[in-house]
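One-letter residues, chain by chain:
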Amino acid sequence: MSTGTQEGSRWPSSDLLSNRRCISFKLRLWCLGALLVVASLSTIAGPKWLPSFRNIAHEAGLTRTLPNGGSVSKQFIIETTGSGVAFLDYNNDDLLDIFLVAGPDPKDPSAVTNRLYRNVGNSNFVDVTREAGITKTGWGQGLCSGDFDGDGFVDLFVTYWGQSVLYRNVQGQRLEDVTAAARLVQDRVRYNTGCAFLDYDSDGDLDLFVANYLKFDFANSPKPGENPYCWYRGIPVNCGPRGLAFDRNLLYRNDGKGRFTDVSEVSGIAVPNHYSLGVVAGDFNQDGHTDIYVACDQTASLLYINQGDGRFEEEALLRGTALDENGKALSGMGAAAADYNGDGMLDLFRTNFSDERETLYRNRGSGEFDDVTRQVGFAHNTRFVGWGCGFFDFDNDGWKDLLLVNGHVYPEVDRLKIDIRYKDRPILYRNLGDGRFVDISEQSGPALVERHASRGAAFGDIDNDGSIEVVVNQQNEPPGLLKVERKCQNHWAIVKLVGKAPNRSAIGARIKLTAGGRVQADEVRSGGSYLSQNDLRLHFGLESATSIDRLEIKWPNGCHQDLRHLQADRIHTVREDCGARPKSSRSKTDAAGRS
Amino acid sequence: MMLDTERTRDVRFEVWIWTRPFLCFLFLLVSASERGFTQSSLEQVFASIERGDYSLAESAFSQNPRLSLLKGILQFHRGDYTSAQATLSQILQQNDHPHARLFLALSQAATGGCDAARAELERQFSARGNSDTQRLAGLALSQCYLSSGRYSEAFGVLARLEADHPSNADVLYQSAKLHMKAWNDAVFKMFEKTPASFRVNQLSAEIFEIQGKYAEAIVEHRKAIEKNPAALNLHFRLGRALLMESHSAESLEAARREFLEELRLNPSDAVAEYQVGQVLVAQQNRAEAVRRYERAVELNPQFAEAVLALGKIRGEQKRFDESVELLRQAVHLLPRSEAARYALMIAYRNAGKTLEALKVKESLEQLQRPPEGEFTEFLKRLGETPKTRQ
């Protein structure tokens, strides 16, 4: 075991400490007296502490509306699925920036509608879309990030109906469209949705998985009411996905020089008959190889188990993640993975349609899952259509809570005057730590009762104070940025992993953190939620523990790094340093089917 | 509430013959009866009919007296029943021809002349000859019976048609229409004769449920209960409507109370027991839910949904043998149920019986496979052509 580099916490601005001085345990002692009378009762950590989420998007500078089809009526399914959002630190200043994806501007289809916002500190963002060279227009869907060329700057893949784009991050200055050079130009119009960078063949560089929803074109698509799949509760609505042709998912192998080859067929990814949306990657069976879970709409969801030889087997049905507990394929939208119950294994969560339950699959070990939705207390929120979702520890008690954002696909549903609405509020579940969750949405601040037609959601700490913010892509509105006012006093740690080239973003690395007698596990992953990208850094709540006893890192190449006695309430940057990198035992021949 | 009890005003019926079958029929007739046409002129005629342009065909058929039967049929096809009757009557004055008689009867029936047409339609329907003509005659005959309120005879004709043509859309449509009309008439009678009965409210509620208007259904169910608090099934239906109307925790609790009330009236109602169990599971009260499921199965061991629910809960309790046994029974009771098979597959898997699980998985996949057919073909076609639009 070797010890990695610790850079400790780097505070971007002293202003950030204004409301967060008490985060640091030492400082907390110092100012305890001053706060005791005024604020302590409402902020003391404990089972009754409730967060107050406020939407700070406007004051943070996120004011531009994100167009995405009709807001009163939608004629085509393409208007319903966009779009995702990313937290990424594109300029390596340790402040999370935001990339928002949108559809075309109905008034000016040539206008650029995706936005890149640079974090300038103090929870303020500046629109740098133009300076970054982003010019692509169209029906943007989702995105995922990863340093595909190993230059130390995180790159971005943005999916579209049409032609998706690979942006190479040029020294944190601009995003260059290298789609053609990377050989990612598709043979026809595709409806790309979720995506994830992953090193599926363990050759050290990042490959790319891209989900496809269905085959769509405006000319041949039926109109609302035209066939039985174009009705919802007696109202003619946009058609699909049923009645529209399936497409297959794609896997692109990186040759190590930034060029990709389509290996969908030989790798076993191209299974037919699914409407694929959200993607979450992780080593679900803990065999050291990254697997892929895909939430599918109105069809069985997919779990591609990495065989370790360049091939995947789709095993969702028997592993218990394809359907709900009644054997029914739900309308899966987003997906998230985390170890919610502290057993060291990644569990899976999927958002679904109204009149369906959200689904939580508990990992029984070896990548077999049980649907525990009802057991954990999720089953009652059945009026929502869920999209973006993520496990995050909002109160830093060491148990991953869950937030999902909602919004219907049919604006016309409001005509029915029922409790299912086009715009709806998010849902926040508190993890009780005993295998159950409790819904605290309506007691958790004004942002959680705001109604929007939400889609993508990304989770990350924009001000590095140990409290996670959530950015939400809201159709035909500016985005939401949810922030906890007066964060909980529990301790925390954020771990930023820096791998050796080419996988500098350390995607696929696994962390086991021991603190206060508890063990928590997580992985660095690209993609996730609904067509979105969370902070690549991993956040852990430590409750009352003031230090991390042990931090074990299993890097994607298999090597282990073991760190001990790290301080709480800090960002720990750990660089891969475990001696000579073991040579991969698998060759690319297995993956691509060629010598 | 108002129900659509409007009676059919005449015997005019929809055009039974759709373009493609009609063309096939015409083609057979031409092939059999006339050799005067060249292949290319025939193709031209059919192409024009397919385009909805009948002038070329009619002029071609008019030039040759031997083709006047086709002219009559064509006139019927395009809905010119008066001309069709004139043409076909003229043919029959010269020669008897079964197709002329059939289409004359069809034309008569289509213009309100069921009395004149009925004997011929009955004859053609009873004759064991051409399946297409028998079907056409049967459809028209059933419509004639339907419009004159002779439901039992209409049912008889349609029963035979359904047996002979089980997948024919026209036959199934006519059958649905007949049932709907009979149902409408019965409802109309009930509203007319017993307007104050709780049954009127009960039926109204059930109709609202079908229409997805659950708030209205709840109001009607409550009125029915007010009129007859001891009637069975009212509380049960109210409970179900409450669950359909709202997704809230309050509705869940209100529904549970209604199911319990139903059980008070009828303690042997296994379905109500099961529903209480379902609500309790959603309310996180699994221990009590288990007791409800057990009781439901005790009341009715053949109640598949309850057996399934109990089997699943036994699995969660890690009582795998019992779970597998119950779920096998559920699959036996519900051989087409994906839910039962899925639960059994998971139970076998969790019990460590991988081979059995794989076997059930195979049968489940078989069950989930979409049927081949027109729709699948449509799916395969759509979007296959490369598109450049963005």
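For clarity, every value in this text was computed on a predicted model and none was experimentally measured.

Caption draft 1: Region of interest: the overall build of chain A. Regarding its fold elements, chain A presents seven helices and 37 strands. Out of the 595 residues belonging to chain A, those deemed buried represent 60%. Considering only contacts in chain A between residues 6 or more positions apart, those separated by 24 or more positions represent 62%.

Caption draft 2: How the structure looks around the overall build of chain B. When its secondary structure is counted, chain B shows 21 helices and zero strands. Pairs at least 24 residues apart make up 41% of the contacts formed inside chain B by residues separated by at least 6 positions.

Caption draft 3: Structural context of the sheet that holds strand β2 (residues 85-88) of chain A. Residues and elements named next belong to chain A. Taken together, four strands build an open sheet; the order of strands is β2-β3-β4-β5 and the sheet is antiparallel. Edge positions in the sheet fall to β2 and β5 (124-127), since each has one partner strand and no second. Averaged over all pairs of adjacent strands, the angle between strand axes in this sheet comes to 25°, irrespective of strand direction. As paired strands, strand β4 (residues 115-121) and β5 are joined by four bridges and run antiparallel to one another. Bridge assignment links asparagine 119 to a residue of β5, and that residue is phenylalanine 125.

Caption draft 4: Quick peek at helix α6 (residues 98-110) of chain B. Residue and element names in this part refer to chain B. Counted at 1.5 Å a residue, the expected span for α6 with its 13 residues is 18 Å, and the 18 Å between its end C-alpha atoms agrees. Burial analysis of α6 places twelve of its 13 residues in the buried class, which makes it a mostly covered element. Those residues of α6 that sit buried are His99, Ala100, Arg101, Leu102, Phe103, Leu104, Ala105, Leu106, Ser107, Gln108, Ala109 and Ala110. Backbone geometry just downstream of α6 places glycine 112 in the positive-phi region, at approximately 90°.

Caption draft 5: Here's a closer look at the interface of chain A and chain B. Contacts between the two partners involve 31 residues from chain A, matched on the other side by 24 residues from chain B. In the side of chain A that touches chain B, the residues fall into ten nonpolar, eleven polar and ten charged.

Caption draft 6: How the structure looks around the nonpolar core. Judged by nonpolar contacts, the single largest core of 219 residues is most densely connected at Val279(A), Ala306(B) and Leu327(B). If you look at the next biggest cluster of nonpolar residues, it comprises 39 residues, including Leu70(B), Ala105(B), Ala140(B) and Leu141(B).

Caption draft 7: Expanded view of the environment of Arg135(B). Residue and element names in this part refer to chain B. Along the chain, arginine 135 turns up in helix α8 (residues 131-147). According to the C-beta neighbour criterion, arginine 135 is buried, with 20 such atoms within 10 Å. Sequence spacing of arginine 135 and leucine 355 is 220 residues, and the spatial spacing of their C-alpha atoms is 51 Å. Residue contacts for arginine 135: discarding those within four places in its chain leaves Leu161, His165, Asn168 and Val171.

Caption draft 8: Broad picture of the packing of α6(B) against helix α7 (residues 114-126) of chain B. All names here are of chain B. The contact between α6 and α7 brings their axes to 8 Å, and the two run at 140°. With respect to α7, the axis of α6 lies oblique. Remark: the crossing between α6 and α7 carries left-handed chirality. Contact with α6, carried on its side by Arg101, Leu102, Ala105, Gln108 and Ala109, involves Cys114, Ala116, Ala117, Glu120, Leu121 and Gln124 of α7 and no other residues of that element. When its residues are assigned to classes, the contact of α6 with α7 shows seven nonpolar, two polar and two charged.

Caption draft 9: Representation of α7(B) in the model. Residue and element names in this part refer to chain B. Between its terminal C-alpha atoms α7 stretches 17 Å, which fits the 18 Å expected from 13 residues at 1.5 Å a residue. Remark: the principal bend of α7, roughly 25°, maps to glutamate 120. Every buried residue belonging to α7 is among Cys114, Ala117, Glu120, Leu121, Gln124 and Phe125, and all of these are buried. In this fold, the buried residues of α7 make contact with α6, α8 and α9 (151-164).

Caption draft 10: The arrangement of the pairing of strand β17 (residues 291-296) of chain A in detail. Residues and elements named next belong to chain A. The element β17 is extensively covered by neighbouring structure, given that six of its six residues are classed as buried. Burial along β17 is two-sided: the residues Asp291, Tyr293 and Ala295 and Ile292, Val294 and Cys296 are all buried. Inspection of the sheet shows strand β16 (residues 276-282) paired to β17 by five bridges, in the antiparallel sense. Within the sheet, the bridge partner assigned to glycine 282 lies in β17 and is aspartate 291. Where β17 lies against strand β18 (residues 302-306), three bridges are found, and the strand directions are antiparallel.

Caption draft 11: Structural view of the sheet that holds strand β36 (residues 560-567) of chain A. Residues and elements named next belong to chain A. Taken in spatial order, the four strands make up an open sheet running β33-β32-β35-β36, and their pairing is antiparallel. Edge positions in the open sheet fall to β33 (518-523) and β36, since each of these has one partner strand only. For this sheet, the mean inter-axis angle between neighbouring strands, taken without regard to orientation, is 20°. Across six bridges, strand β32 (residues 510-515) lies against β33 in antiparallel orientation. Following the sheet pairing, leucine 513 is matched in β33 by glutamine 520.

Caption draft 12: Region of interest: the confidence of the model for chain B. Residue and element names in this part refer to chain B. Across chain B, pLDDT averages 85, with 84% of residues at or above 70. Counting contacts from residues 1-20, a segment whose pLDDT is below 50, to residues more than four positions away or on other chains yields 28 contacts. This stretch, residues 376-390, has a pLDDT under 50; its non-local contacts, to residues over four places away or in other chains, come to 23 contacts.

Caption draft 13: Representation of the pairing of strand β1 (residues 52-55) of chain A within the structure. Residues and elements named next belong to chain A. A one-sided burial pattern is seen for β1, the buried positions being Phe53 and Asn55 and the unburied ones Ser52 and Arg54. Pairing of β1 with strand β30 (residues 480-485) involves four bridges; the strand directions are antiparallel. Its bridge partner lying in β30, arginine 54 is registered against lysine 483.

Caption draft 14: Structural view of the environment of Arg240(B). Counting through the fold element by element, Arg240(B) comes out in helix α13 (residues 234-245). For the pair formed by Arg240(B) and Ile218(B), sequence separation is 22 residues and the distance between their alpha carbons is 9.3 Å.

Caption draft 15: View of the environment of Leu497(A). Residues and elements named next belong to chain A. By the secondary structure assignment, leucine 497 is in strand β31 (residues 491-498). Classification of leucine 497 by C-beta neighbours within 10 Å gives buried; the count is 26. Along the chain, leucine 497 and isoleucine 553 lie 56 residues apart, while their C-alpha atoms are 9.0 Å from each other. The residues touching leucine 497, leaving out its near neighbours within four places in the chain, are Ala506, Ala509, Val524, Ile553 and Val574.

Caption draft 16: Representation of the packing of helix α10 (residues 169-193) of chain B against helix α11 (residues 198-210) of chain B. Residue and element names in this part refer to chain B. Where α10 contacts α11, the two axes come as close as 9 Å, and the packing angle between them is 140°. As judged from the angle between their axes, α10 and α11 are oblique. Remark: the crossing between α10 and α11 carries left-handed chirality. Residue-level inspection shows Val187, Met190 and Phe191 of α10 in contact with α11, the latter providing Arg199, Val200 and Leu203. By residue class, the composition of the contact of α10 with α11 is five nonpolar, no polar and one charged.

Cut-offs and rules
- Residues numbered from 1 in each chain as written.
- Chains lettered and ligands numbered in written order.
- Predicted model: local features only at pLDDT ≥ 70, side-chain atom pairs only at ≥ 80, totals over all residues.
- Helix = DSSP H or I, 4+ residues; strand = E, 2+ residues; numbered from the N terminus.
- Buried ≥ 20, exposed ≤ 12 C-beta atoms within 10 Å, placed from the backbone.
- Contact = placed C-beta atoms within 7 Å.
- Pairing = 2+ DSSP bridges.
- Axes fitted to C-alpha atoms, helices over the stretch in contact; angles between N-to-C directions.
- Expected span 1.5 Å × (residues − 1).
- Nonpolar A, V, L, I, M, F, W, Y, C, P; charged D, E, K, R; others polar.
- Core = buried A, V, L, I, M, F, W, Y, C linked by C-beta atoms within 7 Å.
- Parallel < 35°, antiparallel > 145°, perpendicular 65-115°, else oblique.
- Left-handed = near helix turned anticlockwise from the far one by under 90°.
- Bend = angle between axes of the 7 residues up to and from the residue.
- pLDDT = per-residue confidence, 0-100.

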